[in-house]
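# Structural description and commentary
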Amino acid sequence: MQTDFLVIGSGIAGLTYALKVANAYPDKTITVITKTQSDETNTKYAQGGIAAVMDFDKDSFNKHIEDTLIAGDGLCNREVVEIVVKEGVERIQEIIEWGAQFDKDRDGEFSLGREGGHSEFRILHHKDVTGKEMERALLETINRLPNIRILSHCFVLDIITQHHVGFLVTKSTPDIECYGVYVLNLNSQKIEKISSNLTLLATGGNGQVYRTTTNPAIATGDGVAMVYRAKGRIENMEFIQFHPTALYEPGVRGHSFLITEAVRGDGGILRNQDGEAFMERYDERKDLAPRDIVARAIDNEMKVNGTEHVYLDCRHFSKEKFIEHFPNIYEKCLSIGIDIQQQMIPVAPAAHYSCGGIKTDEWGRTSIKNLYAAGECASTGLHGANRLASNSLLEAMVFAHRAYQHSVIAINESKQSTSSFSKYLKVGSAEIPNWKSEGTNVPKEMILITQSVKELKLLMSDYVGIVRNNERLFRAMKRIDLLYEETEALYEKTSVSPQLCELRNMITVAYLIVKCADFRQESRGLHFNTDYPSRSEMTQNIVL
Ligand code: FAD
Ligand code: SIN
């Protein structure tokens, strides 16, 4: 199969890019690949909203920039922060034109929420299901465009580079190029190759590497692992953001329900088992301190008191107002027997967002030619050591747009050039070999995969969670090494399946998180190592 533009991922980043190139090039084909249903993405679960300066009387670009830089704890790229904050407003206008609706107050002005680390009310939202509304608007617009096809239930295995046509590719190979991807089509159970001129990776996050996460099952870090295997550059993987308030439900681990930070923005108070509003002891911004501080404070309270959760107190809210802003949360709590006016909500931190990822420049270009990355899988320089709440939907749209802008330049340049894209082969030529599956068999025992997944999640949560130290990181790496060896041996002799490939990808991601954590010999932002409890002068990013 051949396509002009290939997009891996149907969340906010992938769909925004697809829509833009489809509109700009009605005569070209755009193929979007997604590993389950087209709307099953982290995007669909986004609750709180999208941050942007909308009220220029009270707020300003400078304030949003400063808040982002403060949360990022010295590691943000200021130029990128300015780009995202300033260009974000236009991107929001665009998605409104595509049909997304954000809540308004009685005067017809946007009803703006507030979240941790924001000095002003600037969060646009659609009740407590903002991501679902944005995903809906994007998919509906895309479905009207005849030149985009969405291939759902197709699992991308690897990106195709010179390596696949017999050239030695190492980290120091200049001009590694992407020619497309190998895909396991779960509808036909066949492995296909799809070649493309330009490819965008928008594969989302990696929360599934941890035992408790707000991320759905698709978030296994596949894009990061694929780029690392292809010898591309990966950055700042140690900065995993734990959301302070995932709903604590005994026995529910894999995908925890989120209680949006907007609840604290509207006045929700964190309390420990004795009913104490403990955040006062940790930070003057109390419940609205940046996420790293709140998550660490909760972790500490839980450890000191020997409990598995703390509480979020909303008993003082007007029921009507709570239901108006948070209908989804209200219903969810009620469904497990919690009436938010009578009882406090049990909450605990859960892995939520990956601040690092595939290193990109200000146009979304990765270190591999013809390959862009945007959204959560990318490391653009916006978040530094800690992402400011509700900045990621914004970043995804801004960088999808920038990757589109650069794609236009790349297409124009290729028209002028007489040579093919690649000096090794023409894109889409039969020279790209078929996937090699000789000598592999259907797995006899799935337990060899499922048990390793469990072990990986457990060790990452216990050794590489909110608080780390050298001994824990050392132990984690030894265990990851063993899981790696066992899984590679299995991979060599087994026909590929999403379960096996996700395990392999999660092991790679876990390795990258531990490796970066090991290199960062200080505590900064989301990375807290008790052996180096303070910030050092080390203000560089870690690139692998
Ligand atoms: P995603 O939306 O996760 O999409 C990833 C896509 O890649 C999926 O289609 C998936 O199928 C596909 N994919 C992955 N691997 C493969 C593969 N191997 N083959 C084929 N397809 C593949 N951010 C905010 O700014 N505001 C919020 O209020 C907010 N709330 C959040 C609440 C929750 C519960 C969660 C989990 C996140 C929240 N975030 C929020 C973060 C934000 O939602 C995500 O960072 C963002 O939606 C990521 O978008 P994306 O397009 O990069 O990836
Ligand atoms: C939330 O609604 O609390 C999540 C916001 C975010 O992750 O940016």
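Structural data are supplied above this passage.
Residues numbered from 1 in each chain as written. Chains lettered and ligands numbered in written order. Predicted model: local features only at pLDDT ≥ 70, side-chain atom pairs only at ≥ 80, totals over all residues. Heavy atoms only, no water.

### Quick notes on the overall build of the protein
Looking only at helices and strands, one finds 14 helices and 16 strands in the protein. The C-alpha radius of gyration of the protein comes to 23 Å, within 12% of the 24 Å expected for a compact globule of 544 residues. Projected onto its principal axes, the C-alpha positions of the protein cover 65 × 55 × 45 Å. For the protein, buried positions account for 60% of its 544 residues. Residue pairs at least 24 apart in sequence account for 74% of intrachain contacts in the protein once pairs closer than 6 positions are excluded. Looking at the protein as shown, the accessible area adds up to about 21900 Å², and 48% of this sits on carbon and sulfur atoms. (Helix = DSSP H or I, 4+ residues; strand = E, 2+ residues; numbered from the N terminus. Rg over C-alpha atoms; globule rule 2.2 N^0.38 Å. Buried < 20%, exposed > 50% of the residue type's maximum accessible area, 1.4 Å probe, protein only. Contact = heavy atoms within 4.5 Å. Areas by Shrake-Rupley, 256 points an atom, 1.4 Å probe, with all protein chains shown as cover.)

### Side note on the sheet that holds strand β13 (residues 345-354)
Spatially, 4 strands are ordered β10-β13-β12-β11 in an open sheet, and the strand pairing comes out antiparallel. Looking at the sheet topology across the chains shown, the edges are occupied by β10 (240-247) and β11 (269-271). Averaged over all pairs of adjacent strands, the angle between their axes in this sheet comes to 45°, without regard to strand direction. When β11 meets strand β12 (residues 310-313), the two strands line up antiparallel, connected through 3 bridges. In the strand pairing of β12, Ile-269 is matched with Asp-313. The strands touched by helix α8 (residues 291-305) are β10, β11, β12 and β13; relative to β10, the strand with the most contacts, the crossing angle is about 60°. (Pairing = 2+ DSSP bridges. Axes fitted to C-alpha atoms, helices over the stretch in contact; angles between N-to-C directions.)

### Topic: the environment of Val-81
Examined against the element boundaries, Val-81 turns out to sit in helix α4 (residues 78-97). With relative accessibility at 0%, the residue Val-81 sits in the buried group. Val-81 sits 13 residues away from Thr-68 along the chain, and the two C-alpha atoms are 7.2 Å apart. Filtering out sequence-adjacent residues up to four positions away, Val-81 remains in contact with Ile-65, Thr-68, Leu-69, Cys-76 and Leu-382.

### What about the pattern of salt bridges?
A full pass over the atoms with the stated rule returns 37 salt bridges. A salt bridge links Arg-122 to Asp-59, with the nearest nitrogen and oxygen atoms 2.8 Å apart. With Arg-122 in the loop between α4 and β4 (123-124) and Asp-59 in the loop between β3 (50-51) and α3 (61-71), this residue pair connects regions lying 63 residues apart in the sequence. Across the salt bridge formed by Glu-120 and Lys-63, the nearest N and O atoms sit 2.8 Å from each other. (Salt bridge = Lys/Arg side-chain N within 4 Å of Asp/Glu carboxyl O.)

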